[in-house]
Amino acid sequence: MDEKKKLVSVAGLRKADPTTLQVLTQDVLRTPLVRIEPATLVDLLALSELGEDQVPGAMVKELSSFQRQMFRELADLPDGIALASFAADLCGLRAETLPTCLRDAVAEILPDRKDADAVNALQALIDHASTAQPEAISLPAMAAADSPNKSAVTKVKPAKKRASRKAKSAEAKLLEEERGQWIEGDVIVRLAQYNTGLKEAIMVAGSRHRAPWDDVTEKEVLKVLRRLKREERLRFSAGRWYVNK
């Protein structure tokens, strides 16, 4: 079975109201580091930096405890392929999604690592993170409690179908852009490690395997590769892809 598909993933954490957030994170906050999908991990670590002005006090403590546990487990990762692979997966995310606490934790463990692959991957992650500031999170306010005076509650009319279709279209476009950005980061980081480039079939298969979505297609990866070629960030020669340096 594909190990990638076993990772715990929770979408929408940075946009959920605190009440919903408590429901979404019930299980994942007790999940080991290596079993959490990278995008979900950085979302939770970013949330762990918030205070009680945005997150209920009890959850602030849970997230703080989660952060400490994740960084203990990060420090305990074997100095080799396991650590290098973890760092490479994080390099596939947008730099602005990487929170300050994670950047600091990676910088802290780097000096103690000896394995060349792990050191290079950690340094690549630090360099990638430095290209953008961590994005600020502003969670929606908690939904107001039900009023005891039922007659005072205003009924909300259902949204029109046309508006719903537009919302779905906008959501689909946003997801497409997110997937494209992830693929872009993944292929650039991957190819930067190989001076001799990588065969197209290997490049495509690798991105599809590492992707946090199960349905990424060959067409999607090739679309991003060809766009990067048009932008002269990549080049293609004799069936192999290279980073333009």
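Here the residue index of a chain counts from 1 through its sequence in written order. For a predicted model such as this one, the threshold for reporting local features is a pLDDT of at least 70, and the threshold for listing and counting side-chain atom pairs is 80 or more; totals across whole chains, interfaces and linings nevertheless cover every residue. To get the side-chain values, all heavy atoms of the structure are used, and hydrogens and water are removed first.

A word on the environment of L110
The line we're drawing: Strands are runs of DSSP state E lasting at least 2 residues, helices are runs of H or I lasting at least 4, and numbering of each runs from the N terminus. Each residue gets one of three labels from its accessible area relative to the maximum for its type: buried under 20%, exposed over 50%, partly exposed in between, using a 1.4 Å probe on protein chains only. Contacts are assigned to residue pairs with any non-hydrogen atoms lying within 4.5 Å of each other.
Within the secondary structure, L110 is located in the loop between α5 (100-109) and α6 (116-129). We classify L110 as buried; its relative accessible area is 14%. On a C-alpha basis, the gap between L110 and N120 in space is 9.4 Å, while along the polypeptide they are 10 residues apart. Residue contacts for L110: discarding those within four places in its chain leaves V119, L122, Q123 and I126.

Points about unusual backbone geometry
Here the phi dihedral of E232 falls at roughly 65°; this positive angle occurs in a residue that is not glycine. Looking at where E232 falls in the secondary structure, it is placed in the loop between α9 (218-230) and β2 (234-237). Positive phi outside glycine occurs at A238, with the angle close to 50°. The topology assignment puts A238 in the loop between β2 and β3 (240-243). Given a relative accessible area of 78%, A238 falls into the exposed group.

Some points on the sheet that holds β2
Just so we agree on the cut-off: Note on pairing: two strands pair once DSSP finds at least 2 bridges between them. Axis lines are fitted to C-alpha atoms, over the contacting stretch for helices. Their N-to-C directions set the angle, which ranges from 0 to 180 degrees.
In space, the three strands of this open sheet follow the order β1-β3-β2, with antiparallel pairing throughout. Two strands in the sheet have a free side with no partner beyond their single neighbour: β1 (198-199) and β2. Relative to β3, β2 is paired through four bridges, and the arrangement is antiparallel. If you follow S237 over to β3, its bridge partner there is R240. Docked against the sheet, α9 engages β2 and β3, running at close to 105° with respect to β2.

Some points on a negative patch on the surface
Quick note on the threshold: Patch membership needs two things, relative accessible area over 30% and no salt bridge, and members are linked within 9 Å if like-charged or within 5 Å if nonpolar (Val, Leu, Ile, Met, Phe, Trp, Tyr). Surface accessibility in these figures is a Shrake-Rupley result with a 1.4 Å probe; residues are shielded only by whichever protein chains are displayed. Whenever Lys or Arg places a side-chain nitrogen within 4 Å of a carboxyl oxygen from Asp or Glu, that contact is recorded as a salt bridge. His residues and chain termini do not enter the charge count, which takes Lys and Arg as positive and Asp and Glu as negative. The location of each charge is read from NZ of Lys, CZ of Arg, CG of Asp or CD of Glu.
On the surface, a cluster of negative charge is made up of E49, D104, E108 and D112. Tracing the chain through its elements places D104 in helix α5.

Observations concerning the pattern of salt bridges
With the rule as written, the count across this model stands at 12 salt bridges. We note a salt bridge from R227 to E231, for which the minimum N-O separation is 3.2 Å. Between R233 and E231 there is a salt bridge, with its nearest N and O atoms 3.4 Å apart. Residue classification places E231 among the partly exposed positions, given a relative accessible area of 39%. Overlapping salt bridges bring together E184, R227, E231 and R233 as one network.

Description of the pairing of β3
Relative to β3, β1 runs antiparallel, the two sharing two bridges. The residue of β3 that forms the bridge with K199 is R240.

Looking at the packing of aromatic side chains
Here is the rule: In summary, the pairing rule links any two rings of Phe, Tyr or Trp, Trp by its six-membered ring, whose centres are within 6.5 Å, and it sorts them by plane angle into stacked for under 30 degrees, edge-to-face for over 60 and tilted for everything else.
Counting across every chain of the model gives two aromatic pairs. Summarising the aromatic geometry, the rings of W182 and W213 are spaced 6.3 Å apart at their centres and angled 85° between planes, so their arrangement reads as edge-to-face. Within this pair, whereas W182 is found in helix α7 (residues 161-191), its partner W213 is found in the loop between α8 (200-210) and α9, the two being separated by 31 residues in sequence. Neither residue differs from the other here; W182 and W213 are each classed as buried.

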